[in-house]
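The lines below spell out each chain.
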Amino acid sequence: MPLKNYSMINDAFNENETLDVDENILIWSYANGKDFIRIDTIVYCEADNTSCNIYLNNGNKHRISQTLEEIENKLPTHKFIKIHDCYIVNVSFINRHKKEDVDYMILHDGTKLEIGAAYLKKISSTLPLN
C-alpha cells in the first residue's frame, strides 16, 4: 500500500465523464467542466474498485470513475509501466526497487508500491532491476 498521504482530492463522478489525451495533457471531462492534467506530473495511478486515483507530483490526487485499464490505454507506454493489477507508475518517478518478502517500487517521495509477481518479469525486461 502507498505510504504517502495526498492532501487535495478532486472527486467529480458523473456518468458522462470522459478521459482523453491531447499532446501531453490528460483531459478529464465531467458535467461541471474539465480538468487538464499534464502527463509528466502523474506519479502513479491506483485502481480503486470501479474507479481510479491519479496521484500527482504536487501532492494532489484526482479520483475518477474510469478503470485502471481505461487510463492505461490513454497513457504513453514509454513513460508508464504497470507493476501490479492495482498500479501504473510513471518510470520517471521510480527511485528504487526493493526486495523483501515481496518486491516493491520506491518512488521519489518515499511511496512504496508492491510489484505483482505476474509483472516482475515484464518489469525486469523494461527496467534494470538486477
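Residues numbered from 1 in each chain as written. Predicted model: local features only at pLDDT ≥ 70, side-chain atom pairs only at ≥ 80, totals over all residues. Heavy atoms only, no water.

Student: Explanation requested: the overall build of the chain in the structure shown.
Tutor: Regarding its fold elements, the chain presents two helices and twelve strands. Helices (α) and strands (β) of the chain occur, in sequence order from the N terminus, as β-β-β-β-β-β-β-α-β-β-β-β-β-α. Taken across its 130 residues, the chain has 45% of its residues classed as buried. (Helix = DSSP H or I, 4+ residues; strand = E, 2+ residues; numbered from the N terminus. Buried < 20%, exposed > 50% of the residue type's maximum accessible area, 1.4 Å probe, protein only.)

Student: What exactly am I supposed to notice about the sheet that holds strand S11 (residues 103-107) here?
Tutor: In a beta sheet, neighbouring strands are held together by backbone hydrogen bonds and run either parallel or antiparallel to one another. Spatially, S10-S11-S12 is the arrangement adopted by the three strands of the open sheet, whose pairing is antiparallel. Among the strands making up the open sheet, the edge pair consists of strand S10 (94-99) and strand S12 (112-114). Sheet twist, expressed as the mean angle between neighbouring strand axes with direction ignored, is 25°. Bridge analysis of S10 against S11 gives five bridges, and the strand direction is antiparallel. Of the residues in S11, the one forming a bridge with Ile-94 is Leu-107. (Pairing = 2+ DSSP bridges. Axes fitted to C-alpha atoms, helices over the stretch in contact; angles between N-to-C directions.)

Student: Even after reading the chapter, I still don't get the layout of surface pockets, so can you show me in this structure?
Tutor: Of the voids in this model, the largest pocket is the one considered here, and its volume is about 210 Å³. Residue lining of the largest pocket: Glu-72, Leu-75, Pro-76, Thr-77, His-78, Phe-80, Ile-81, Lys-82, Ile-88, Val-91, Lys-122 and Thr-126, and that is the complete set. For the lining of the largest pocket, the elements supplying multiple residues, two or more each, are strand S8 (80-84) and helix H2 (117-126). If you tally residues by element for the lining of the largest pocket, the top one is S8, at three residues. Class assignment for the residues of the lining of the largest pocket results in six nonpolar, three polar and three charged. (1 Å grid on protein atoms, 1.4 Å probe; cavity = no way out; pocket = protein on both sides within 12 Å on 5 of 7 lines; lining within 4 Å. Points joined across faces, edges and corners; volume = space filled by probe spheres on them. Nonpolar A, V, L, I, M, F, W, Y, C, P; charged D, E, K, R; others polar.)

Student: What's the story with the pattern of salt bridges in this structure? I'm lost.
Tutor: Close approach of charged atoms allows side chains with opposite charge to pair. If you walk through the whole model with that rule in mind, you get five salt bridges. A salt bridge links Asp-48 to Arg-63; the shortest N-O distance between them is 2.2 Å. With Asp-48 in strand S5 (residues 42-48) and Arg-63 in strand S7 (residues 61-64), the pair connects residues that are 15 residues apart, well separated along the chain. The class for Asp-48 is partly exposed, based on a relative accessible area of 24%. The partner of Lys-98 in a salt bridge is Glu-100, and the shortest N-O contact between them spans 3.2 Å. When its relative accessible area of 32% is taken as the criterion, Lys-98 is described as partly exposed. Judged by its relative accessible area of 38%, Glu-100 is partly exposed. (Salt bridge = Lys/Arg side-chain N within 4 Å of Asp/Glu carboxyl O.)

Student: Just checking my understanding: could you explain the nonpolar core for this structure?
Tutor: The tendency in soluble globular proteins is for nonpolar side chains to be buried side by side. The biggest cluster of nonpolar side chains holds 16 residues, and the ones touching the most others in it are Ile-42, Cys-45, Ile-54, Ile-71 and Leu-75. Secondary structure elements with two or more residues in this core: strand S3 (25-30), S5, strand S6 (51-56) and helix H1 (68-72). Residues Ile-81, Phe-93, Met-105 and Ile-123 belong to the second largest nonpolar core, which totals 15 residues. (Core = buried A, V, L, I, M, F, W, Y, C linked by side-chain atoms within 4.5 Å.)

Student: Just checking my understanding: could you explain the pairing of S3 for this structure?
Tutor: Along a regular strand, successive side chains alternate from one face of the sheet to the other. The buried fraction of S3 amounts to five of the six residues, a majority that puts the element mostly inside the structure. Counting the residues between successive antiparallel strands, the hairpin from S3 to strand S4 (residues 33-38) contains two residues.

Student: Just to check I follow, could you spell out the confidence of the model for the chain for this structure?
Tutor: Note that predicted coordinates carrying low pLDDT should not be read in detail. Mean pLDDT over the chain: 83, with 82% of residues reaching 70 or higher. Note that pLDDT drops below 50 for residues 5-9; the model gives that stretch 13 contacts with residues more than four away or on any other chain. (pLDDT = per-residue confidence, 0-100. Contact = heavy atoms within 4.5 Å.)

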